[in-house]
Amino acid sequence: MKLHVRINGEARELEIAPGAVLGDVLRQLGLTGTKMGCREGHCGSCMVLVNGKPMNSCLLLAAKVEGAEITTIEGLGDVRNPHPIQEAFVEAGAVQCGFCTPGMIISTKALLDNEPHPSLERVREALSGNLCRCTGYAKIFDAVRIAEHKLAKASGNGKSTRRPHRP
Amino acid sequence: MSIVGKSITRIDAEEKVTGATRYGGDLYEKGMLHVKVLRAEHAFAEIVSIDTSAALALPGVCGVYTAKDVGGTNRHGLIRRDQPVLADTMVRYKGDPVAIVVAENDDVAREALRLIQVEYKPLKPIHTFEEALAPDAPKLHPEGNLMGGKRIRKGDAERALREECEIVVEDTIETQTVDHAFLDLESGCALYDGDMLTIWVSGQWVHEERRLVALALGLPVEKVRIIQPATGGAFGGREDLSIQCFVGLAALKHPGHKVYLRYSRAESMAARHKRHALRIHYTMGAKRDGRLVAAKVTVWSDEGAYASTGIAVMRKASSHCTGPYRVPHVWADVYGVHTNNNPTGAMRGFGAAQLAIAYEGMLDRLAQELGMDRVEIRRRNVLRHGEPITTNQIITEATAGECLDRALLQFAKGIDPSVGDDLAAAQRVWESRSYATRAPWLRRGYGVSVVCFGLGYGDAFPDAARARVRFNERNELEVYTGAVEVGQGLLTMVVQVAAEALGIEPERVRVFAADTHLTPEAGSSSATRQTYFTGSAVKLACDELRERLLDVAETYFGVHPFEIKISNGILTKVGDSGKRMEIDELLSEARRRGVSLETQALFKPRTIRERDEDGLSPRAFVTYLFGSHICQVLVDTETGEVRIERHIAAHDVGKAINPELVIGQIQGGVTQGIGMALMEEVIYGSDGRILNAGFTDYILPSVRDVPNIEAVIVEHEDPTGPFGAHGVGEPPLIGATPAVLGAIHDAIGVPIRRIPATPERVWRTIMQAKAEGKWQDVDPRWERDVKR
């Protein structure tokens, strides 16, 4: 069947199997930054934005996103031109094996797009669908706070001067 | 030092945050053949026959292979080669592979698996120690179900417990089966070009994987090439072979075609080895003042179906059975027993983690009996410099006590920042810690642990790392190491050590790692050994090259090389910065004079094998690491839920080459330790199947389960390590679990004997305490502190 979506800003017409999940479709397009860690919707490594909302692409039937705007980790930035959230994860030392990182960044983006200055509990809630086996999460919290500041600065809204929180 | 000790950005971070990094599963290309594995239908059965004809007849199937198609020994295993690549006569656990299918696509491969007819003669599966050791129990292996054992005989523990000890505590502690649960599932590809078999699969020791694959599949070692893709975590779970032989065999049968295999989470959990579940009987005796006198320990270890690294895990358990404490009389027996559970092998902590739960738990029981503070009893017993550890190895720098002090200072600072570095003040804060909570059924508890870890393989097992370095035509330093990056930051460590040793900018260093045909063997990324081993090998190679360069520079400076220093890529005369030379200039000069710009080094420190009769050795391990944790929990005694309020982990890492990476290792290790303490457990059904082979039911710590882990770096430079460093990988996990369990014990007044301490188990433990009259509805400490 045919699927019409915008992926990272680009309109695409794709031929998909009716039962295909979005994560597999994206990975087959070469967008392998979207990882698959469990296919049960628990680890969050496959998180992508569907019309701005974070979704586990391992459980989402591709057929259900007809007409949607999909953003994957590749849509945020690349090594030469990283997104401020990606920079924040590097600066915070929030990356170890890196397998959960794209999903974590996508969840962070969904959160900060809607709430530029989230409370600690909101950060925790937003990241509760992303597992990390390496870091113990502390530096991921730091990364979210650094990203918050970077984005606030970039948007000219420098009102947040809070120091990075910890969980 | 200008680069070592700095938290430079890890060199692979930018690729990882942008999704550009390619892990094994990302190597799929259109046109690759798909490999799938058929696994045993029974946990224990003889194979009567295998009929693959129906599967072979399915359109799209390129081949179906069984044990008879394997060219070599068809066996692998890190210590004993006892595990079949494909089961031939028998299956011994539910994850045992029986056949592989190679097909044009995934769906066909899956369908073909269903068409393979295997006739079994099932045997009654063995799941417990008792079943395995029953006289009429069927044998998993010809040698029987008792796989082996390790022991410690130091002093006379029996007599000391009887005659010298004034107080004796005794208990049985059971630890669970744990899954590594790295997120990056086993996956990768292989190609046989008619001459060379190349395998792109993540492991932990490429050169050993090459030896094992070559032997099992019947190829000369030099005809197998293993290349490590980016790796999403390992934690010991990639130490045994995973899919290497399956893709290797498929590639050999289909020359010129790339073959691809990727496990699902369920298959990954069903197939892979696990952490050993142990049953530990521990008797600990002391004087009334808390001084330890004797320990008698009997350990039963579930080895599962195959040997894996089991015997080494048993040794780590026996050699670490009294931890960092001074115990003159030790008697320990560790027995490994085969069952039809998954094979058990390496996982972060490697036997030392389970024993730490036992010795720390017993120390808490002793403290409780004696009415002694749990910090105080540890202070009285931790080793001092120059005292012997369990195996009688003399610990010249025993920093366990220092780690305890540093953990205590951090604990106190969180309550009263004015404590600063005043240990006496910290002690007062500790002694006045509060048990006040919102309600009497919410109980607070504080746990303390002090742990040790012998770095490396130990006991004369060959343990070495090599490194080769060279300046290329662009004057970059190329470092070649066989060591694998699994997420811990090894590549960045290598850059920092090389840059520091040669006095060059880190940007000038290029690391080439983990390719058997390009890089020299470095041993495994395990046993907390790579900073120490590969760090040392890289440093030795760079030191050698530096000396050679300084000889060249002597002519220019007109002084002895000792008086020339290199820093940030610039050579100067010591004490006279007037005359200088760029390293680029020096390298041109060296080339002009025909001086080689390449060196290789081997780092192979010696350890001494334990004596069979008593398990003692003057140098069982190259060096020991110490750490201490303090954990604060809140237990809801109505539901059994445990919330961790604070967790402090102080570790002596020798020298933190990259402090941020060290902190990351500590925080991550503690989190896995919390998982082991509270939630993670592989559960087998009566048929031997894992009932919770997925993240829905195998619960990992999430962002909601861990506090901000307070990592404290203790630096007591190790003269035998690179720039004073030794390691950090495993100790944070080892320290975490007993501290959490100790805190629960403190909160509810009775110990948890079987872990993980799930809400149900905690609740049942409380119910039992109530039934035994060991329970007060209101903790007197709560009453006291609420009024305060």
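Residues numbered from 1 in each chain as written. Chains lettered and ligands numbered in written order. Predicted model: local features only at pLDDT ≥ 70, side-chain atom pairs only at ≥ 80, totals over all residues. Heavy atoms only, no water.

1. Some words on unusual backbone geometry
All names here are of chain B.
- Across the junction of Ile755 and Pro756, the peptide omega takes the value 5°, indicating a cis bond.
- Along the polypeptide, Pro756 turns up in the loop between helix 18 (731-748) and helix 19 (759-771).
- Unlike most non-glycine residues, Thr528 shows phi in positive territory, near 55°.
- Inspection of the secondary structure assignment puts Thr528 in the loop between strand 23 (509-513) and helix 15 (530-557).
- Its relative accessible area of 9% is what places Thr528 among the buried residues. (Helix = DSSP H or I, 4+ residues; strand = E, 2+ residues; numbered from the N terminus. Buried < 20%, exposed > 50% of the residue type's maximum accessible area, 1.4 Å probe, protein only.)

2. Focus: the pattern of salt bridges
Residues and elements named next belong to chain B.
- Overall, the coordinates contain 86 salt bridges over all chains when judged by the stated rule.
- Here Glu645 ties to Arg643 by a salt bridge, and the two come within 3.9 Å at their closest N and O atoms.
- For Asp785, the salt bridge is made with Arg784, and the minimal N-O distance between the two is 2.8 Å.
- Linked through salt bridges whose partners overlap, the residues forming this network are Glu130, Glu174, Arg279, Glu681, Arg754 and Arg761. (Salt bridge = Lys/Arg side-chain N within 4 Å of Asp/Glu carboxyl O.)

3. Digging into the domain arrangement of chain A
All names here are of chain A.
- For chain A, the domain assignment lists domain 1 (2-75) and domain 2 (84-155).
- Computed over C-alpha atoms only, the centres of domain 1 and domain 2 are separated by 21 Å.
- With 16 residues of domain 1 at the interface, the matching set in domain 2 holds 13 residues.
- Broken down residue by residue, the surface that domain 1 buries against domain 2 is led by Met47, Leu49 and Ile73, which jointly contribute 44%. (Domains from an automatic or database assignment. Contact = heavy atoms within 4.5 Å. Buried area = accessible area lost by both parts, 1.4 Å probe.)

4. Remarks on the sheet that holds strand 5 (residues 69-71) of chain A
All names here are of chain A.
- Reading across the sheet, the five strands line up as 2-1-5-3-4 and stay open at both edges, with mixed pairing between neighbours. Each end of this open sheet is capped by a strand with a single partner; those strands are strand 2 (10-15) and strand 4 (53-56). For this sheet, the mean inter-axis angle between neighbouring strands, taken without regard to orientation, is 40°.
- The pairing of strand 1 (residues 2-7) with strand 5 spans two bridges and is parallel. Counterpart to Ile7 in the pairing with strand 5 is Ile70.
- Here helix 4 (residues 101-114) sits on the sheet and contacts strand 3 (47-50), strand 4 and strand 5; the angle it forms with strand 3, its principal contact strand, is near 35°. (Pairing = 2+ DSSP bridges. Axes fitted to C-alpha atoms, helices over the stretch in contact; angles between N-to-C directions.)

5. Considering the packing of aromatic side chains
All names here are of chain B.
- With the rule as written, the count across this model stands at 18 aromatic pairs over all chains.
- Seen from their ring centres, Phe129 and Trp300 are 6.4 Å apart, and the 40° between their planes marks the pair as tilted. Here Phe129 is found in helix 4 (residues 129-133), whereas its partner Trp300 is found in strand 16 (residues 292-304), with 171 residues between them in sequence.
- Aromatic ring contacts, followed pair by pair, group Phe411, Trp430, Tyr435 and Tyr446 into a single cluster.
- Over the ring of Trp200 we find Lys258, and its NZ or CZ is 4.8 Å from the ring centre.
- The ring of Phe533 carries Arg529 above its face, with NZ or CZ at 4.4 Å from the centroid. (Phe/Tyr/Trp six-rings, centres within 6.5 Å; stacked < 30°, edge-to-face > 60°. Lys NZ or Arg CZ within 6 Å of the ring centre and 35° of its normal.)

6. Thoughts on the environment of Arg124(A)
Residue and element names in this part refer to chain A.
- Mapped onto the secondary structure, Arg124 falls in helix 5 (residues 120-127).
- Overall, Arg124 belongs to the buried group, its relative accessible area being 19%.
- In sequence terms Arg124 and Val5 are 119 residues apart; their C-alpha atoms lie 31 Å from each other.

7. Some remarks on the interface of chain A and chain B
- The interface is formed by 46 residues belonging to chain A together with 50 residues belonging to chain B.
- Approximately 3,900 Å² of surface area, both sides summed, lies buried where chain A meets chain B, with 56% of it carried by carbon and sulfur atoms.
- For the interface between chain A and chain B, the tally reads 26 residue pairs in polar contact (both at pLDDT 80 or more).
- Counting only elements with at least two residues in the side of chain A that touches chain B, the list comes to helix 2 (73-76), helix 3 (84-92), helix 4, helix 5 and helix 6 (138-154) of chain A.
- No other element matches the four residues that helix 5 of chain A contributes to the side of chain A that touches chain B.
- Here the side of chain A that touches chain B is built from residues that sort into 21 nonpolar, 13 polar and twelve charged. (Polar contact = N/O pair within 3.5 Å; in protein donor to acceptor, adjacent residues only side chain to side chain. Nonpolar A, V, L, I, M, F, W, Y, C, P; charged D, E, K, R; others polar.)

8. Focus on helix 9 (residues 310-319) of chain B
Residues and elements named next belong to chain B.
- Taken across its ten residues, helix 9 has nine buried, putting it largely inside the fold.
- Taken together, the buried positions of helix 9 are occupied by Gly310, Ile311, Val313, Met314, Arg315, Lys316, Ala317, Ser318 and Ser319.
- Those residues of helix 9 that are buried lie in contact with strand 9 (146-154), strand 16, strand 17 (329-338), helix 10 (352-370) and strand 20 (442-454).

9. Side note on the domain arrangement of chain B
Residues and elements named next belong to chain B.
- As assigned here, chain B comprises domain 1 (15-123 + 186-262), domain 2 (274-457 + 612-787) and domain 3 (464-603).
- Centre-to-centre separation of domain 1 and domain 2, based on C-alpha positions: 38 Å.
- Between domain 1 and domain 2, the contact holds 18 residues from the first and 20 residues from the second.
- With both chains or domains summed, domain 1 and domain 2 bury close to 1,600 Å², and 59% of this area falls on carbon and sulfur atoms.
- Of all residues in domain 1, the largest losses of buried area upon contact with domain 2 belong to Ile79, Tyr93 and Phe235, amounting jointly to 34% of the total for that side.

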